[in-house]
Each structure stands twice: as C-alpha cells, then as structure tokens.
Amino acid sequence: MKHFNRGKRLAALCLLLLMAGLTGTSTYAQEAVQIDSTLREHIFTYNQIEYLEDLQGTLTFDQVRSDSIADRFRSSPVSTPQNQHLGAPVWFRVKIKHDPAAHRFYLLEFFDQTIDEIDAYLPDTAGVYHKERLGDRYPFSRRWFHHKNFELSLDNDRRDEAVYYFRISSAQTADVIIVLRSIDRFVSYALSEYLTFGIFYGMIFIFSFYNLIMFIAMRQRQYLYYVLYNLSVVLYEMCTDGIAYQWLWPNAPAWNQYAFAWPLLSMSIFALLFTRSLLAVHVRAPFLNKLIMGVIVARCGYFLACLLINPYWFNYKFIELIPLAVAFYTGIHVWLRGYRPARFFVLGYSFLFVGFMLKFFIMLGYTWLNFGIVSYYSLSFCFILEMFFLSFAVGDKVRLLKKKRDKAHRQMIRQMTENARLKDSQNRELEAQVQARTRQLSEQADVIAAQNEVLVNTNALLEAQAAEISRMNALLEQDNRQLQTNVEKVTRARAMSSSLDFEEFSKIYPDKESCLRFLADLKWTAEFRCRKCGNDHYYPGHQPFSRRCSKCSYEESATAYTIYQNIRIPINKAFYLTFLVYSSKGRISSHKLSEILDIRQSTCWSYATRITKMMEERKKELKQANGQGWSLLVLDEREETGSERK
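Model, not experiment: these values are computed from the prediction.

A. Seen up close, the overall build of the protein chain. A tally of regular secondary structure across the protein chain gives 20 helices and 14 strands. When the 646 residues of the protein chain are sorted by exposure, 42% land in the buried category. Taking all contacts inside the protein chain whose residues are at least 6 apart in sequence as the whole, residues at least 24 apart take part in 71%. As displayed, the protein chain offers around 36,900 Å² of accessible surface, 59% of which is attributable to carbon and sulfur atoms.

B. Expanded view of the environment of Gln113. Inspection of the secondary structure assignment puts Gln113 in the loop between β6 (106-110) and β7 (117-123). Placed 61 residues apart in sequence, Gln113 and Ala174 show a C-alpha to C-alpha distance of 8.6 Å. A polar atom in the side chain of Gln113 sits 2.7 Å from the side chain of Asn149.

C. Region of the structure containing the packing of aromatic side chains. Going through the model one piece at a time under the given rule, you end up with 24 aromatic pairs. Considering the side-chain rings of Phe110 and Phe166, the 5.0 Å spacing of their centres and the 80 degrees angle between planes classify their relative orientation as edge-to-face. A residue pair is termed long-range when its members are at least 10 positions apart, and Phe110 in strand β6 and Phe166 in strand β10 (residues 161-169) qualify at 56 residues. Each member of the pair, Phe110 as well as Phe166, is classed as buried.

D. Representation of the sheet that holds β6. With antiparallel pairing, the 4 strands of this open sheet are ordered in space as β2-β11-β6-β9. On the outer flanks of this sheet lie β2 (41-43) and β9 (150-153), each paired with one strand and no other. Each strand of the sheet is rotated relative to its neighbour by a mean of 20 degrees, with strand direction disregarded. Inspection of the sheet shows β6 paired to β9 by 4 bridges, in the antiparallel sense. Residue pairing in the sheet places Phe110 in a bridge with Phe150 of β9. Most of the contacts of helix α4 (residues 183-218) go to strand β11 (residues 178-182), to which it runs at about 110 degrees, and overall it touches β2, β6, β9 and β11.

E. Representation of the environment of Cys549 in the model. Within the secondary structure, Cys549 sits in strand β13 (residues 547-549). Sequence-wise, Cys549 and Lys532 are 17 residues apart; in three dimensions their C-alpha atoms are separated by 8.9 Å. Contacts of Cys549, omitting those with residues within four sequence positions, involve Phe528, Cys530, Cys533, Asn535, His537, Tyr538 and Tyr554.

F. Summary view of the confidence of the model for the protein chain. Looking at the protein chain as a whole, its pLDDT mean stands at 79, while 82% of the residues score no less than 70. The weakest mean pLDDT in the protein chain belongs to helix α1 (residues 2-27) at 40; the strongest belongs to strand β5 (residues 90-97) at 95. Predicted confidence is poor over residues 1-27, with pLDDT under 50, and the contacts of this stretch with residues over four places away or in other chains come to 1 contact. Scored below 50 in pLDDT, residues 639-646 makes 15 contacts in the model with residues more than four places away or belonging to other chains.

G. A look at a positive patch on the surface. Among the surface-exposed residues, Arg340, Lys403, Lys407, Arg410 and Arg414 lie close enough to one another that they form a single positively charged patch. Mapped onto the secondary structure, Arg410 falls in helix α14 (residues 378-497).

H. Inspection of unusual backbone geometry at higher detail. Of note, the phi angle at Tyr46 is positive, near 50 degrees, even though the residue is not glycine. The topology assignment puts Tyr46 in the loop between β2 and β3 (49-53).

I. Structural context of the pattern of salt bridges. Scanning the model with the defined rule gives 17 salt bridges in all. With a shortest N-O distance of 2.6 Å, Glu41 and Arg181 are connected by a salt bridge. In this pair, Glu41 is assigned in strand β2 and Arg181 in strand β11, connecting sequence segments 140 residues apart. Glu41 sits in the partly exposed class, given a relative accessible area of 31%. In this structure, the salt-bridge partner of Glu418 is Arg421, at a minimum N-O distance of 2.4 Å. Taken as a pair, Glu418 and Arg421 lie in helix α14 at a separation of 3 residues, close to a single helical turn. A relative accessible area of 31% means that Glu418 is categorised as partly exposed.

J. Focus on the packing of helix α8 (residues 261-278) against helix α11 (residues 321-336). With their axes 10 Å apart at the nearest point, α8 and α11 run at an angle of 10 degrees to one another. By the angle between their axes, α8 is roughly parallel relative to α11. Of the two elements, α8 crosses α11, and the hand of that crossing is left-handed. Two secondary-structure elements touch here, α8 through Ser268, Leu272 and Thr275 and α11 through Pro323, Val326, Ala327 and Thr330.

K. Summary view of the nonpolar core. The biggest cluster of nonpolar side chains holds 53 residues, and the ones touching the most others in it are Tyr201, Ile204, Tyr229, Leu272, Leu279 and Tyr349. Counting only elements with at least two residues in this core, the list comes to α4, α5 (221-241), α6 (243-247), α8, α10 (286-308), α11, α12 (342-364) and α14. At 11 residues, α8 tops the list of elements feeding residues into this core.

L. Spatial organisation of a nonpolar patch on the surface. There is a patch of nonpolar side chains on the surface, built from Trp255, Trp262, Leu304, Leu307, Leu308 and Ile309 and spanning about 650 Å² of accessible area. It is α10 that provides the largest number of residues to the nonpolar patch, a total of 3 residues. Along the polypeptide, Leu304 turns up in helix α10. You can call Leu304 partly exposed: its relative accessible area is 45%.

M. Quick peek at the state of the cysteines. Counted by the stated rule, this structure contains 0 disulfides. Between Cys549, a free cysteine, and Cys533, which holds the nearest cysteine sulfur, the sulfur-to-sulfur gap is 3.6 Å. Look at Cys549 and you get buried, because its relative accessible area is 1%.

N. How the structure looks around the pairing of β11. In terms of residue burial, β11 counts as a mostly covered element, since 5 of its 5 residues are buried. Side chains of β11 alternate between two faces, with Ile178, Leu180 and Ser182 and Val179 and Arg181 buried alike. Note that β6 and β11 share 5 bridges and pair antiparallel. Bridge pairing links Tyr106 to Ser182 in β11.

O. Representation of the packing of helix α17 (residues 571-583) against helix α18 (residues 590-597) in the model. Direction vectors running N to C along α17 and α18 enclose 140 degrees, while the axes themselves pass 11 Å from each other. Relative to α18, the element α17 is oriented oblique. The way α17 lies across α18 gives a crossing that is right-handed. The segment α17 lies against α18, with Lys573, Tyr576, Leu577, Leu580 and Val581 engaging Leu593, Ile596 and Leu597.

P. Region of interest: the sheet that holds β13. The 3 strands are arranged β12-β13-β14 in an open sheet whose pairing can be described as antiparallel. Each end of this open sheet is capped by a strand with a single partner; those strands are β12 (538-540) and β14 (555-556). Relative to β13, β12 runs antiparallel, the two being bridged by 3 bridges. Note on β13: the bridge partner recorded for Tyr538 is Cys549.

Calculation rules
Residues numbered from 1 in each chain as written. Predicted model: local features only at pLDDT ≥ 70, side-chain atom pairs only at ≥ 80, totals over all residues. Heavy atoms only, no water. Helix = DSSP H or I, 4+ residues; strand = E, 2+ residues; numbered from the N terminus. Buried < 20%, exposed > 50% of the residue type's maximum accessible area, 1.4 Å probe, protein only. Contact = heavy atoms within 4.5 Å. Areas by Shrake-Rupley, 256 points an atom, 1.4 Å probe, with all protein chains shown as cover. Polar contact = N/O pair within 3.5 Å; in protein donor to acceptor, adjacent residues only side chain to side chain. Phe/Tyr/Trp six-rings, centres within 6.5 Å; stacked < 30°, edge-to-face > 60°. Pairing = 2+ DSSP bridges. Axes fitted to C-alpha atoms, helices over the stretch in contact; angles between N-to-C directions. pLDDT = per-residue confidence, 0-100. Patch = residues over 30% accessible without salt bridge, like charges linked within 9 Å, V, L, I, M, F, W, Y side chains within 5 Å. Salt bridge = Lys/Arg side-chain N within 4 Å of Asp/Glu carboxyl O. Lys, Arg positive; Asp, Glu negative; His and termini not counted. Charge placed at Lys NZ, Arg CZ, Asp CG, Glu CD. Parallel < 35°, antiparallel > 145°, perpendicular 65-115°, else oblique. Left-handed = near helix turned anticlockwise from the far one by under 90°. Core = buried A, V, L, I, M, F, W, Y, C linked by side-chain atoms within 4.5 Å. Disulfide = S-S within 2.5 Å.

Pasting the structure below:
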C-alpha cells in the first residue's frame, strides 16, 4: 500500500512537470502581432521581437532561417533592444498576422535614424523573401519614403502569419525600435513630428537670435558663446534626428557617419567658455579657470586624435561627460560661494546632466531605464530645459549688474545730498563769519574815513609832486630805452666781431630760446614766405619760434635751412663754436674747441670743418660784413633732397 501511494505521487509529479513544460513552451513562444481594422500603430516589444547576436558576422539569411539556428533566437528581455556589441551585426525577427479585411496599407518603421545598416528580408505571398537594404550609410535618395526614419512597405493582401527578418549593424549604440503603422497614421505622425521639430529648433533659434542681439548691444562675450553653443546643439540634434542627413547632406553618407563629432566638439568648447564668462571663473575660482582651459585643450586633442588616427573613436560620446561634469561642478562651486545667478545655471545643467547620465547608463546596459521614445528624446528635452534656465541665468546676471548699478547710483545720490547739506552748513557758517567781519570792517571804515580826511589834503600836495615826478620818469625811461638799445647793438656787434670768452658770450645767448629767437629774426627779417606753396601768411607753429603756413600747413622750425639743423649739441655752444672759428679765421684747432666747449673732439672737428668751408665759400660776403660778422655763416639756403626740413 505504501509503495502504491509513492507511485501515485511520482506519477502526479511527472504530470505536473510535463504541464509546466508545455505551459513554459507556450509562454515563451514568440507573439505575433495581429492586424485588424482598428490597428493604426503598434510598437514591437519584449517577446514580440526576438534577436540573435552574430558577433563574427558570418551567418547568412538561409542559416538564420534553418531550424538549428532559428532555435537560438531569444525574446528581448527589455522593451527596447539595442546592439550591445558596436559594429557587430544582430539579427531580429518579428511576426505579423495579416488580415486583408482591415482595408489599410501598412509599413514597418525603424525609429532610430543613426543605424548604419539594415538588411530587411520581406516575404511575399508565395513565401519567397526579398532583400531590402536601408541605413544611414546609403544615399538618402535610395529610401522608399523621403523621411528621416527608415520605412518598409508591407503587403497586407494576405491572410497568413509572416515572419520578417532584419540584420542590423551600427557603429553607434542603436535603439531597435520597430513600429508597425498604417499609412494614414504614418502621415499624421510624420506631420506632427516635423511640427515638433520645427518648434524645438525654432525655440533654440529664438534663444540664439535674442542673445545675438544682446551681444551686439552689450558687447559681452558670454552672449556670443551662448549663441554658438545653441547653434552647436541644433546641428548635433539635427545629426542625431536625421534631419541634417535629409536636408543638409543627403548625398554624403560617408560624411554623415561622423558629422555629429564636429558640433559635439563645439558644444563642449563653447559650453565651457560660456561657463567661464558667465560665472567670471577667472576671478571667483582661478583653479577651476585653469581646469576649464585644460579640458578645452584636452578635448581638442582628443578630437584631433580621432580625426587623424581612428575615426571610430568618435562614437565614444561618453567622453563628453568630462566637460559636462567640469561645467556642472564649476556652477555648483560658484553658487555655493554666494554668486546668485549661478543657481539657474546649476538648475539648467542639472537637467542636462540627468539626461546625459540616462543615456550613459542605458549605453552601459541598464536597459530598465530605456522607455522607448521617451528615453530616445530625453536628451533633446533636457537641452530645451537647460537653454531655458541658462537664459534665466544670463538675465539674472544682467539684473544683478543693473541692481549693483542702481545701488551705486543711489549711493552717489545720497553722497551728493550729504555734500549739499555740508555745503549749506559751511555756507551758513561763512555767512555768519562774513557778517561779523563786515561789522568789524565797518567800524574800522569809520576810523579810516577820519584818517582819509587828513590824507586827502596830503594827497593833493603829493599829486602835484607825482605829476612832476611822472614827467621826469617818462623822460628817463625814454633815455633808458635808447641807452639799452645802444648797449644791445654794441654787445651784439661785439659778439659778431670781437673776442669773447664763453661766459661773456653766454650772457648774450644764455639759453636755447634766445638762440632760436635770434635765428628766427635772422631768417624772417624781411617777410615770411612758405617754401612749399609760396604763401606769405603764417601762424605760430608747435615748436618754439617756428612758423606754420596758413594755406598748406607746412611748418618750418627756426633751425631749418641753417647750419644748426638736426644739431646734436646745445645750440648756444654751437653758436660759440661758430663765433670762435669765425673770429680765429678758421685757425683754431678742434682740440682747443673741445677743451673750451667740453665737447668731443670729433664733433668739434666736424662742425669746424663745415664752418671753415662756408667761410671759404662766402669770403666776399664776409669782407663786406658791415658788422654782421659770423651771422652770415648761419643761413644754409641749399635745397634738401630725400627728406623734408622742419
């Protein structure tokens, strides 16, 4: 009896295991998507989409369809599968149960525009598969639909259950979002999507245009950096959305593979420069300022390494975490140190940091964070929020500057009011002192008035005497002027012809001004005539005793066209040197001149030679000097060539 009961329990256990196996088989079988008249859109997910990794890339389509390989397909453990091994192909398959009674045309759409290659195998009604090739490695004109996504038209005039195979390969992490849509739903969706893109890019362009106007008005570089950063975001988003490939370079698939790298570089650079300028990092955090400049240099170096060594490295977008983290930390640091505009900067970068980290963790394999389209567009949404709050940060900085200016203005008004009050107080004190002094002066005036009466009579007598003295002074002054004129003439005549020592000669020409006055009187004794245009009217020039033509503005100095032009020794010594050479008839030695004038012997020899030569040339005029003496050697009327005399 005991053995019989044990046998019954064993049989029941085997039956349960068999039922569980049957149930498990039905549970994990691939689910087919049913088309009916109500179906307009369906996104394949979980066990509706199966995948097979082909790391070596050696499997053919016939091998994939074979029973030995087909059993290796596994249901997607996540709602949105990805290619976990970049560059390696992955096979996907979906099942669709067609129904011609739905009276709709359908298509399959791949939502990720960055997939490099899609080999689609589509069965016809006879079960024969036809291959279609899509991907951003091929010219845009090869697509069935001129749309940023990849679409495949389906034949719904069949009643069977068809299996569709896709071989997907991409150098970037690709979200394999496969959507079944009716044609009418696709048109509606495409129009709404492009409208959304228009709003998205329009908002960025509005932000950019506003800040460009602010840059033109205020000339602050932070606005220019912000504009360039926004434009970089636009170009990067257009590259990742497929808009750039559709409208900017549709016939350049090779360029399309790495076009995103350029705006990604400029985004990092201008984001850091904007951070540095907006938060005045060089003043508030000098170490972080050096760190920002170092990160910019390192980012440019990495870009050049990718460009020159291995372009595949461009796909490692996680490198942007470094400049993003530096900018984010800088904002937090400056904010914690009390700079209020940094709070909006930190808030904006918080959204961007969250969006970037979401993408980063999804790339690392945290697939539970992948919510399909929401996750796919999360970074774009975070960009909008970041720009929104960065605009607040810029405006807050302007508001803070305006507040400081108003505070300084109010402080200046208070200071001016205080100054006016002190001025009034001092004026009242001065008025009191003036009144007291006026009373004192009034009392003294009475005393003076009494004394004036005594002085009036005395003044009458003095006036008569003063009149006589004035007459005598006038006669004496006239005699003095005549005598002074005679003395000057005698002195100058003596200076022209007789022997004087330098001390006595310096009394006649004590300084540069007296020498220049003598030269000016000597040059323009008769009248002034411009050497350029012949005009005879002039104004005083910029140099002492120079004259500037009133017509052509040519200015001639007192030394121009004399032997003292461009002289390098004191002009009064040059005068005495001329006098000594003239008075000695050129027989005085340069060593003697050097000893007398305390000038280098070579300089004395040069000037003495020039003066001796002029004496030789003007021998006849010197014999008829008539008291003019050495002054006949001063003027040098030869025309200059090569440079204009001044």
